[in-house]
Amino acid sequence: MRVLLVGSGGREHAMAAAIARSPRLEALFIAPGNPGTAALGTNCAVKADDVAGLIALARRERIDLVVPGPEAPLVAGLADACKAAGIACAGPTQAAAALEGSKTFTKEVCDAAGIPTARWERFDAAAPALDYVRRHGAPVVVKADGLAAGKGVVVAQSVAEAEQAITDMMTDGTLGQAGHSVVIEDCLMGDEVSLFAFCAGETAVLIGAAQDHKRIGDGDTGPNTGGMGAVSPPTGFGREKQEAALDVLVRPMLREMARRGTPFTGIIFAGLMLTPDGPQLIEYNVRFGDPEAEALLIRLESDLLTALAAVAKGDLAGTDIRFSGQSSISVIMAAKGYPGRPVTGGVIRNLAAAEALPGVHVFQAGTKCDDAGEIVAAGGRVLAVCATGDTLAQARERAYEAVGLIDWPDGIYRHDIGQRALAAQEKIGQ
């Protein structure tokens, strides 16, 4: 198969590495890719949200399968354009991608399908939103209705924090069009996990689960980010519980989407909270998570390309998903200033030394090559330093040893990725 993978982040680097292992792969193209993906296929200078450019590229390179990485091209209609061009695509239509493109749409689907989720209200103007939080009190969750690259959710612990989030999004326009409308919902309590499945129509096949660390600082402090690290599998949330969660949170959604005439085909990422009353939905995303994908895919033993081809065909019968019994972890190295204005241009050295450690994989995200051929920082989240181990403790030790070898003065990272999971393991005697 000739495959076009869309995207340029750590998720896409991890997907490219998994796809490249497939015996079915003839050629891999990545648009636009990064210096890490260049070692696995051919990078192409087409932006991930340039749907027309991606279709032209796919035609030129006789692509058999388009694999979308990020959400933006899906919300922009990439899968629809592929279908019109007669090219297979392992992602949902624009109408189905509204599950990520609009928080309001997701909540309406949950209500119609009887999916447990937090009580919510939508607001199109700041004044009634401010009035609501003043009457409701805190904690509450303020969500930009549209796509905001993982930065559109504020878990407000005080009314003042909620007011600031509403003002930032709706009055000051810090998130652009995405924040013109907001959803305000009750704050769910419990452990948050990310659940992934391949979907085709009303069928869902479990991929696996991971646990993300959203906030920028140690101890879950500071603002939300796109994700600062992940562990897989989550402690106390094994395959049996993951399957049970699919029955409650994903399969009813698939039936409702089919009923609406917008069936979902692709990868679903259900962000959920393990509450005392059972799992409840936080959000849907219509693609692999980042940094969860990096932690998940280094444990994958089955053929990712074959599974993606089955998704695009709409027939998941016999789809084989197998993971190693090992634990894994990803630690994000971000640029100083992230999630605000990251410092870019700093040279990153010793990546090869880090990757030479047992079980270690370093996936590149916000990187580029400078004129001297050096890898330099070119974004907010720059590297995903990942490792596997027979235990989570071993994987964590390997990952942080690799982080310590990387020479990048502008890099920042959390020092406590996986600590909460290890503490939970000790508590339940694992």
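To be clear, the structure that these remarks concern was listed above.
All values reported here derive from a predicted model rather than from experimental measurement.

Turning next to the sheet that holds strand 8 (residues 153–156). Pairing in this open sheet of four strands is antiparallel, and the strands run 6-9-7-8 from one edge to the other. What marks the edges here is a single partner per strand, and that holds for strand 6 (120–123) and strand 8. On average, adjacent strands in this sheet sit at an angle of 20° to one another, irrespective of strand direction. Packing against the sheet, helix 7 (residues 126–136) makes contact with strand 6, strand 7 (140–144) and strand 9 (182–186), and its axis sits at approximately 10° to strand 9.

Moving on to the sheet that holds strand 4 (residues 65–68). Within a sheet, neighbouring strands are paired by backbone hydrogen bonds and run either parallel or antiparallel to one another. Read from one edge of the open sheet, five strands run 3-2-1-4-5, paired in parallel fashion. In this open sheet, the two strands that pair with only one neighbour each are strand 3 (42–43) and strand 5 (88–89). Inspection of the sheet shows strand 1 (residues 2–7) paired to strand 4 by four bridges, in the parallel sense. Counterpart to Leu 4 in the pairing with strand 4 is Val 66. Set on the sheet, helix 1 (residues 10–20) makes contact with strand 1, strand 2 (27–32) and strand 4; between it and strand 1 the angle comes to about 165°. Along the sheet, helix 2 (residues 51–60) makes contact with strand 1, strand 2 and strand 4, crossing strand 1 at roughly 160°.

Moving on: the nonpolar core. Residues Phe 198, Phe 288, Leu 297, Leu 304 and Leu 308 are the most contacted members of the largest nonpolar core, which totals 44 residues. Every residue in contact with Leu 308, bar those within four places of it in the chain, is listed here: Ile 19, Leu 65, Val 67, Ala 90, Phe 198 and Ile 267.

It is a general feature of regular strands that their side chains alternate between the two faces of the sheet. In terms of residue burial, strand 16 (residues 278–285) counts as a mostly covered element, since six of its eight residues are buried. Across seven bridges, strand 15 (residues 265–275) lies against strand 16 in antiparallel orientation. Residue pairing across strands places Gly 271 opposite Glu 283, the latter belonging to strand 16. From the end of strand 15 to the start of strand 16, which pair antiparallel, there are two residues.

On to helix 14 (residues 392–405). If you check helix 14, its first and last C-alpha atoms are 20 Å apart, about what 14 residues at 1.5 Å a residue would give, namely 20 Å. Along helix 14, the residues that are buried comprise Leu 392, Ala 395, Arg 396, Ala 399, Tyr 400, Ala 402 and Val 403. All buried residues of helix 14 lie within an arc of 155° about the axis, which places them on one face of the element. With respect to the buried face of helix 14, the exposed residues turned more than 90 degrees away are Glu 397 and Gly 404. Buried residues along helix 14 sit against strand 14 (229–232), strand 17 (327–335), helix 13 (351–355), strand 18 (360–364), strand 21 (381–389) and helix 15 (419–428).

It is the contact of helix 9 (residues 239–249) with helix 10 (residues 251–259), at a shortest axis distance of 4 Å, that shows an interaxial angle of 30°. By the criterion of interaxial angle, the relationship of helix 9 to helix 10 is roughly parallel. Residues Glu 243, Leu 246, Asp 247, Val 248 and Leu 249 of helix 9 form the contact with helix 10, whose participating residues are Arg 251, Pro 252 and Met 253. Residue classes in the contact of helix 9 with helix 10 are distributed as five nonpolar, no polar and three charged.

Okay, unusual backbone geometry next. Pro 139 follows Ala 138 through a cis peptide bond whose omega is 5°. Note the cis peptide between Tyr 338 and Pro 339, where omega equals 10°. By the element assignment, Pro 339 lies in the loop between strand 17 and helix 13. Of note, the phi angle at Arg 62 is positive, near 50°, even though the residue is not glycine. Tracing the backbone through its elements, the reader meets Arg 62 in the loop between helix 2 and strand 4. Despite not being glycine, Asn 350 shows a phi value in the positive range, around 70°. Checked against the element boundaries, Asn 350 lands in the loop between strand 17 and helix 13.

About the criteria used
- Think of each chain on its own: its residues are numbered from 1, step by step along the sequence as written.
- At least 70 in pLDDT is required for a residue's local features to be given in this predicted model, at least 80 for side-chain atom pairs to be given and counted, and no such filter applies to totals for whole chains, interfaces and linings, which use all residues.
- Only hydrogens and water are set aside when side-chain values are computed; all heavy atoms of the structure are taken into account.
- Paired strands, in this sense, are two strands between which DSSP finds at least two bridges.
- Every helix listed is a DSSP run of H or I at least four residues long, and every strand listed is a run of E at least two residues long, numbered separately from the N terminus.
- Lines fitted to C-alpha atoms define the axes here, with helix axes fitted over just the stretch in contact, and angles between the N-to-C directions of these axes take values from 0 to 180 degrees.
- Here a residue-residue contact requires only that any non-hydrogen atoms of the pair lie within 4.5 Å.
- Among the buried residues, those of types Ala, Val, Leu, Ile, Met, Phe, Trp, Tyr and Cys that are joined through side-chain atoms within 4.5 Å form a nonpolar core.
- Between buried and exposed lies partly exposed: a residue is buried under 20% and exposed over 50% of the maximum accessible area for its type, with that area taken using a 1.4 Å probe on protein chains only.
- To estimate how far a helix should reach, multiply one less than its number of residues by 1.5 Å.
- Note that the arc is defined by the directions from the helix axis to the C-beta atoms.
- Our angle categories are set so that under 35 degrees counts as roughly parallel, over 145 as roughly antiparallel, 65 to 115 as roughly perpendicular, and the remainder as oblique.
- Residues are grouped as follows: nonpolar covers Ala, Val, Leu, Ile, Met, Phe, Trp, Tyr, Cys and Pro; charged covers Asp, Glu, Lys and Arg; every other residue, Gly included, is treated as polar.

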